[in-house]
Amino acid sequence: MKYFTRERTVRLVTFNRITKFVAKLFGMISKFKNEEYVQLRFDKRKKFFVVSNVIVDGKIQLGYFNEGTGFIDESAFIEPSKL
C-alpha cells in the first residue's frame, strides 16, 4: 500500500497535476535538484544522485552505482536530513 501511495504522489507532482508551488507549500519537494550528486553526511566515500526530489514518506529517491551487478540502481530511499 505504501508503494502505491508513493508512486501516485510522484506521478501527480511530475506530471504537473499538482503545481510545484503547492508541492513546496506542503513540503513535498526537497531542496536538492533532480540529477544532482549528493553524499551522505556520515560516509563521504559513496556518491548518490537524486532521481526524484519529491518527498514521499519523509524520503527522496536516490540512485547509485551497484558494484555487485555493475549497473546503476535507482531504488535507494533516504531522508534528506542525512545528505
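Our subject is the structure that appears above.
Residues numbered from 1 in each chain as written. Predicted model: local features only at pLDDT ≥ 70, side-chain atom pairs only at ≥ 80, totals over all residues. Heavy atoms only, no water.

Right, let's get into the packing of aromatic side chains. If you walk through the whole model with that rule in mind, you get two aromatic pairs. Taken together, a centroid distance of 6.4 Å and an interplanar angle of 65° make the contact between Tyr37 and Phe49 edge-to-face. Placement of the pair is Tyr37 in strand 1 (residues 37-39) and Phe49 in strand 2 (residues 47-56), with a sequence separation of twelve residues. For Tyr37, a relative accessible area of 61% gives the class exposed. With a relative accessible area of 18%, Phe49 lands in the buried category. When the ring of Phe48 is compared with that of Tyr64, the centres are 5.9 Å apart and the planes differ by 70°; the resulting orientation is edge-to-face. Pair noted here: Phe48 is in strand 2 and Tyr64 is in strand 3 (residues 59-66), with a separation of 16 residues, a long-range link. An identical accessibility class is assigned to Phe48 and Tyr64; each is buried. (Phe/Tyr/Trp six-rings, centres within 6.5 Å; stacked < 30°, edge-to-face > 60°. Helix = DSSP H or I, 4+ residues; strand = E, 2+ residues; numbered from the N terminus. Buried < 20%, exposed > 50% of the residue type's maximum accessible area, 1.4 Å probe, protein only.)

The next subject is the sheet that holds strand 1. Taking strand neighbours across the sheet as the criterion, the four strands line up as 1-2-3-4 in an open arrangement whose pairing is antiparallel. Strand pairing shows two members of the sheet lacking a second neighbour, strand 1 and strand 4 (71-78), which therefore form its edges. The average angle at which neighbouring strand axes cross in this sheet is 45°, direction not considered. Judged from the three bridges that link them, strand 1 and strand 2 form a sheet pairing that is antiparallel. Its bridge partner being in strand 2, Tyr37 is matched across the sheet by Phe49. (Pairing = 2+ DSSP bridges. Axes fitted to C-alpha atoms, helices over the stretch in contact; angles between N-to-C directions.)

Residue position: Ser52 is located in strand 2. Among all residues touching Ser52, those that are not within four sequence positions of it are Val10, Asn34, Ile60 and Gln61. (Contact = heavy atoms within 4.5 Å.)

What follows covers the environment of Lys82. You can see Lys82 is positioned in the segment after strand 4. For Lys82, a relative accessible area of 41% translates into the label partly exposed. Considering only alpha carbons, one finds Lys82 and Asp43, 39 residues apart in sequence, at a separation of 10.0 Å.

Next up on the list: the nonpolar core. Counting residues in each nonpolar core, the largest one holds eleven residues, listed as Phe32, Val38, Leu40, Phe48, Val50, Ile60, Leu62, Tyr64, Ala76, Ile78 and Leu83. Of all the elements in the fold, those that place two or more residues in this core are strand 2, strand 3 and strand 4. By residue number, the principal contributor to this core is strand 3, which donates three residues. Beyond its immediate sequence surroundings of up to four residues, Phe48 is in contact with Glu36, Tyr37, Val38, Leu40, Leu62, Gly63, Tyr64 and Ile78. (Core = buried A, V, L, I, M, F, W, Y, C linked by side-chain atoms within 4.5 Å.)

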